[in-house]
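As a plain string of letters, each chain reads:
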Amino acid sequence: MVDVDAILEAAHLKNDHVREYVRYWAGVTGADNIEVVSAEDDDRLIQEALDASEILPAGDGLYYSRSYYKDTARSEERTIVATSNPADKGVYNNWYPADEMKAKLTGLMTGASAGKTMYVIPYLMSAPGSPLEKYAAGVELTDNRTVVLHMNRMARVGVEYINNLADPDSFVRAVHVTGDLENLGQGTPEDKRYFVTVADERTILHFGSSYGGNALLGKIAHGLRQAAYDGWASRKFLAEQFMLLGITDKVTGKKWHIAGGFPSASGKTNLAMTLSPDALGDRYYVEFYGDDITWMWVGEDGRLYGMNPENGVFGVAKDTNEKTNPTAIEAIAPGTKTIFTNIAYNEKTQDVWFEGRTVDPPEDLDGWLDWKGGRIADRSPVEKKDPWAHPNSRFTSTLANVPNVAADYDNPVGVPIDGIIFGGRTRDREPLIRAITDVAEGVYDGLTLGAEATFAADGLDGQLRYDPMSMRPFMAYPEGPYAAHWLDIIGACTDKPIFAHVNWFQRDAEDGHFLWPGYRDNLRALLWLMQLRDGEVSGLQTPVGILPTEDELSTVGLEIEQADLDELLSLDIDRWRQEIGFRQAHLEQFAGLPEEIWTAHRRVAQALEDEALGD
């Protein structure tokens, strides 16, 4: 029988509420041993994981892990928000009663860690001293050592973060049990996996995975779902799947901060980690704050403030290279202690590779294993074109490894937010950038954010798959109250951020080429937005926002055809009139939307009709 109290005492874990929580779940899961970990244990844990072949060396100070082949991504259909109040059910939050889910998960976890060590991970999802620190403390229990290594990179880990809480009972209780991955019935009617956030009890119970957000409970389950619920319940803050960057004008000394939400495959990480185009590098410096989560609140000065609660980057490896994201390439360089997951690995040279890292894969196949561990040299002719790495393969690295990470990235007071942008991949309809100065219209635009759905995939050719604020998979409470909470928080600012919608993916209707070069040139659109906010440019008013004029947009060193630029800075009224009907149908799903949102919708629809009649 493991002596829980003796172990916790030896680890200097003083919080009695945490002790009680650990004792309870040690009894439920049946773990043979308990170990309290901190960031200082990382080197030892890495060596233990290497010795146990749980990870493999991938070069100097780099590591490789491979998850079970049916356990490679978030599983949204198995991800649940549970509370005791049925009124918390929304369209997207997959709500269930708390009592039902707690009983089910307790049953699944009973005895499921027998023979294993339960690692106790005390963590903080903020810089110490943050105004939101009371919502940031958590303790994850996991029976998986690789999960500990990832959490050490993605959060601030140590007993000091939970020993001296103002309210010792205010931490998030997060329990992760891996389960028997080969016998969980993934994707079948007998699927045993459940990833549950009991939001009104600040408890997270995840069973049946060792991968990513399913297992790193400080990240999505706490940092987004739980925090979003906490922000709404307290009426104090917003927790969103937003990137956060800073831009400094080295000539004037001005600095701006921009947060933004982007659905999957719409360029969020590349934008978050962008650099200035070469032609503008002498004047503008871009700093990285975060690529995935931003918490936002109103400061005492009436401005909106934001911070990245994470301490690391859990980035998609695919298509990351020196052109698309040179910043990320430096962040995963030798010596950074980066962990790669589900990419191709050479067991002889310890090299790694993933699609998009280079134009072509390595020619010499000797020693190369694909993401499932299969020998690439032994593939059949039918298999030769199969991906070497999983499309959702990842790298995990700390923020400190990002070469242009902001000097104040861990400032507990956060940074003032000057702009909030939304962006979805769409080949037409959306211009390069359209600014929105009205708060209700900005929130309306975020609620109707979407990226293209293909006819083959969804039967919705020409429509967008809507992803409100890019939070569709992470919504913790109903969409009507969500919109109202946004209006309340931003409305309370006396110095409000400007909103905008961006699109780097417009294509030529005839040959399909991208009109905009993208990547580092995306900064040009953001600079125009900040100049608009500061009253330095005025733009062109349209029914859906303000567009830059060609003379306002910085084009020094920009390689683009004039016809393409003209298209990017114009609006297709007919396509927008089609889109407005889709948006109305999307919003009609949501009960209790504030009247301000419907007023904004009607205002945009009427302006489009007036413009069409004017033509």
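Residues numbered from 1 in each chain as written. Predicted model: local features only at pLDDT ≥ 70, side-chain atom pairs only at ≥ 80, totals over all residues. Heavy atoms only, no water.

(A) Region of the structure containing the sheet that holds strand E23 (residues 394-398). Strand order in the open sheet formed by five strands is E2-E3-E19-E23-E18, with mixed pairing between adjacent strands. In this open sheet, the two edge strands, each paired with only one partner strand, are strand E2 (56-57) and strand E18 (312-316). Pairing of strand E19 (residues 338-341) with E23 involves three bridges; the strand directions are antiparallel. Among the inter-strand pairings, Phe340 is bridged to a residue of E23, identified as Phe395. (Pairing = 2+ DSSP bridges. Helix = DSSP H or I, 4+ residues; strand = E, 2+ residues; numbered from the N terminus.)

(B) Fine view of the layout of surface pockets. Approximately 460 Å³ is the volume found for the second largest pocket. Taken together, 25 residues form the lining of the second largest pocket, with Arg66, Asn144, Thr146, Leu181 and Ser210 sitting closest to its centre. If you list the elements that add at least two residues to the lining of the second largest pocket, you get strand E6 (117-124) and helix H5 (145-154). At four residues, H5 tops the list of elements feeding residues into the lining of the second largest pocket. In terms of residue class, the lining of the second largest pocket is made up of seven nonpolar, eleven polar and seven charged. (1 Å grid on protein atoms, 1.4 Å probe; cavity = no way out; pocket = protein on both sides within 12 Å on 5 of 7 lines; lining within 4 Å. Points joined across faces, edges and corners; volume = space filled by probe spheres on them. Nonpolar A, V, L, I, M, F, W, Y, C, P; charged D, E, K, R; others polar.)

(C) View of the packing of aromatic side chains. This structure, assessed with the given rule, holds 19 aromatic pairs. On the basis of an interplanar angle of 0° and a centroid distance of 4.8 Å, the ring pair of Tyr64 and Tyr345 is categorised as stacked. Highlighted residues: Tyr64 in strand E3 (residues 62-65) and Tyr345 in strand E20 (residues 344-346), separated in sequence by 281 residues. Among the aromatic side chains, those forming a connected cluster through ring pairs are Tyr229, Trp232, Tyr477 and Tyr482. The ring of Phe171 carries the charged tip of Arg173 above its face, separated from the ring centre by 4.1 Å. Just above the ring of Phe505 sits the side chain of Arg425; from NZ or CZ to the centre is 3.9 Å. (Phe/Tyr/Trp six-rings, centres within 6.5 Å; stacked < 30°, edge-to-face > 60°. Lys NZ or Arg CZ within 6 Å of the ring centre and 35° of its normal.)

(D) Just the sheet that holds E20, in detail. Strand order in this open sheet of three strands is E21-E20-E22, and the pairing throughout is antiparallel. Of all strands in the sheet, those with a lone pairing partner are strand E21 (352-353) and strand E22 (368-369), marking the two edges. Two strands pair when backbone bridges link them, and E20 and E22 are joined in this way by two bridges, in the antiparallel orientation. When the sheet's bridge partners are listed, Asn346 is paired in E22 with Trp368.

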